[in-house]
Amino acid sequence: MMKSFPWSLLYCASLLLSDVLGTYHLNAGDPHLIAAQSYAQTRNNGRPPLRTLNPANSQCRSRPLDLVFIIDSSRSVRPGEFEKVKIFLADMVDTLVVGSEATRVAVVNYASTVKIEFLLKDHFNKPDMKKAISRIEPLAAGTMTGLAIKTAVNEAFTEQSGARPRSRNISKVAIIVTDGRPQDQVEEVSATARASGIEIYAVGVDRADMRSLQLMASIPLEDHVFYVETYGVIEKLTSKFRETLCGLDPCAIGHDCEHICVNSNASYYCKCRNGYILNADKKTCSLKQVKVEVVEDPCKCEARLAFQKQTQAAIQQLTAKLADVSGRIERLENMVGRA
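Note that the structure is a prediction, hence the values are computed from the model and not measured.

> A description of the pattern of salt bridges should follow, citing residues and the corresponding values.
Inspection of the entire model under this criterion finds eleven salt bridges. A salt bridge links R168 to E101; its shortest N-O distance comes to 3.2 Å. One end of the pair, R168, is in the loop between α5 (145-156) and β4 (171-178); the other, E101, is in the loop between α3 (79-95) and β2 (104-110), with 67 residues separating them in the sequence. A salt bridge links D209 to R181, with the shortest nitrogen-to-oxygen separation between them at 3.3 Å. One end of the pair, D209, is in the loop between β5 (198-205) and α7 (210-216); the other, R181, is in the loop between β4 and α6 (187-195), with 28 residues separating them in the sequence. Residue classification places D209 among the buried positions, given a relative accessible area of 14%.

As structure tokens, this is what we get:
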């Protein structure tokens, strides 16, 4: 009786966890998820962003991204300062591995109006991308940051514009660079963007409004809000973004392995739990077949043959149950380890 207690406890815990996950599963665009994003952001607005800008030399060799820069070119951004922003964008491109199957980049330029300079599907190599950046001109006038974010979500992060489908599990990232206070509302539109799966980084320069940056950025804020005193030092953020965007485990970002995801630096591969084998698609797993040879009795005893076949079926069932229990224990151990 006592020996069966731990197994019963593990089984109950597993069922409880599945119920909790099922209860709180919300789809992108769900108003409850958008409200939760806004509430979480409000709770974290009092936490100051503390970022250390350490230089780094290595290129980004991590998972691919759908990356959209949203840059402020309002009247407060002087021509020389806007050139610094373009240098920052070009430096960021240099740190990334860009390509149709790697990181795709788009740029949304805004002031009173919004202009998509180029889409995720337009350039798949660094020279063309950097030429397109060099041709960007400031728009001047106001600071409609909320409109810019909405445009990025509705037009830049779509599959028609080059974003990979959700099934590919490609991270979607927006980096907003601004030096002023938005002249429209950013809280709800930012919450909608985050609820759709877009991770938002907010970069403030000089006169940027810190509360607005916090309302826009993803949480934790200390990882998603940056501030520099002048455009002259904005290039220092390149190394920090390289560290932030490249230092993540691809398996932690999202994968389509049925059982086990194994990080292999720039990518990942799938493995199966004990008792299973990897299928031809390299993602799903099938129960390993246990071969039990049935030896025909010389006396042709039908009762013995039937017994041997029953034994084979029982062994198959037992193998499946053991593999299932092993998988449950492994998942619970992983959950306890992460906690």
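There is more to say, and it comes next.
> Can you tell me about the packing of α3 against helix α4 (residues 126-134), naming the residues and giving the values?
Their axes nearest at 9 Å, the elements α3 and α4 cross at an angle of 170 degrees. Taken as axis vectors, α3 and α4 run roughly antiparallel relative to one another. Facing K86, L89, A90, V93 and D94 of α3, the residues of α4 in contact are K126, M129, K130, I133 and S134. Taken together, the residues of the contact of α3 with α4 sort by class into five nonpolar, one polar and four charged.

> Quick one: what's the story with the sheet that holds β5, residue by residue and with numbers?
Spatially, six strands are ordered β3-β2-β1-β4-β5-β6 in an open sheet, and the strand pairing comes out mixed. At either end of the open sheet lies a strand with only one pairing partner, and these are β3 (114-118) and β6 (225-228). Strand-to-strand twist across the sheet, computed as the mean angle between neighbouring axes with direction ignored, equals 20 degrees. Bridging between strand β1 (residues 65-72) and β2 involves seven bridges; their strand directions are parallel. Each residue of the ladder has a partner; that of F69, found in β2, is V107.

> Help me get a handle on the packing of aromatic side chains, residues and values and all.
Across all of its chains, the model carries five aromatic pairs by this definition. Summarising the aromatic geometry, the rings of F69 and F88 are spaced 6.5 Å apart at their centres and angled 80 degrees between planes, so their arrangement reads as edge-to-face. You can see F69 sitting in strand β1 and its partner F88 sitting in helix α3, a full 19 residues away along the chain. In this structure F69 comes out as buried when scored by relative accessible area, which is 1%. Relative to F241, the ring of Y201 lies with its centre 5.5 Å away and its plane at 75 degrees, an arrangement referred to as edge-to-face. Of this pair, Y201 sits in strand β5 while F241 is found in helix α9 (residues 237-246), placing the two residues 40 residues apart along the sequence. No difference in accessibility class separates Y201 from F241, as the two residues are buried. Ring-pair connections join several aromatic residues into one group, and the members of that group are F69, F88, Y201, F226 and F241. Just above the ring of Y276 sits the side chain of R273; from NZ or CZ to the centre is 5.9 Å.

> Describe the packing of α5 against α6, with residues and values.
Interaxial distance between α5 and α6 falls to 9 Å at its minimum, and their mutual angle equals 25 degrees. With respect to each other, α5 and α6 are oriented roughly parallel. Between α5 and α6 lies a crossing of left-handed hand. Contacts between α5 and α6 pair G146, I149, K150 and V153 from the former with V189, S190 and A193 from the latter. A breakdown of the residues in the contact of α5 with α6 according to their chemical character gives four nonpolar, two polar and one charged.

> I'd like to hear about the nonpolar core, residue by residue, with values.
Formed by 33 residues in total, the largest nonpolar core has its most connected members in F69, I71, I175 and F241. Contributions of two or more residues to this core are made by β1, α3, β2, α4, β4, β5, β6 and α9. Setting aside anything within four residues of it in sequence, one finds I71 in contact with F82, V85, L89, V107, V108, N109, Y110, I136 and V177. Residues V68, I149, F157 and L215 belong to the second largest nonpolar core, which totals 27 residues.

> Give a detailed account of α4, specifying residues and quantitative values.
Within the span of α4, buried status applies to M129, A132 and I133. Buried residues of α4, seen end-on, are gathered within an arc of 100 degrees and therefore sit on one face of the element. Within α4, the exposed residues directed more than 90 degrees away from the buried face are P127 and K131. Buried residues belonging to α4 abut α3, β2 and β3. Between a side-chain oxygen at the N-terminus of α4 and the backbone nitrogen of D128 the separation is 2.9 Å; the capping residue is N125.

> Any details on the environment of V228? Residues and values, ideally.
Tracing the chain through its elements places V228 in strand β6. The class of V228 is buried, set by a relative accessible area of 4%. Through-space distance from the C-alpha of V228 to that of V205 is 5.1 Å; in sequence the pair is 23 residues apart. Non-local contacts of V228, meaning those with residues more than four positions away in its chain, are made with G204, V205, D206, V233, I234 and L237.

Conventions adopted
- Residues numbered from 1 in each chain as written.
- Predicted model: local features only at pLDDT ≥ 70, side-chain atom pairs only at ≥ 80, totals over all residues.
- Heavy atoms only, no water.
- Salt bridge = Lys/Arg side-chain N within 4 Å of Asp/Glu carboxyl O.
- Helix = DSSP H or I, 4+ residues; strand = E, 2+ residues; numbered from the N terminus.
- Buried < 20%, exposed > 50% of the residue type's maximum accessible area, 1.4 Å probe, protein only.
- Axes fitted to C-alpha atoms, helices over the stretch in contact; angles between N-to-C directions.
- Parallel < 35°, antiparallel > 145°, perpendicular 65-115°, else oblique.
- Contact = heavy atoms within 4.5 Å.
- Nonpolar A, V, L, I, M, F, W, Y, C, P; charged D, E, K, R; others polar.
- Pairing = 2+ DSSP bridges.
- Phe/Tyr/Trp six-rings, centres within 6.5 Å; stacked < 30°, edge-to-face > 60°.
- Lys NZ or Arg CZ within 6 Å of the ring centre and 35° of its normal.
- Left-handed = near helix turned anticlockwise from the far one by under 90°.
- Core = buried A, V, L, I, M, F, W, Y, C linked by side-chain atoms within 4.5 Å.
- Arc of directions from axis to C-beta.
- Polar contact = N/O pair within 3.5 Å; in protein donor to acceptor, adjacent residues only side chain to side chain.

Don't take any of this as a statement about function, it's just geometry.
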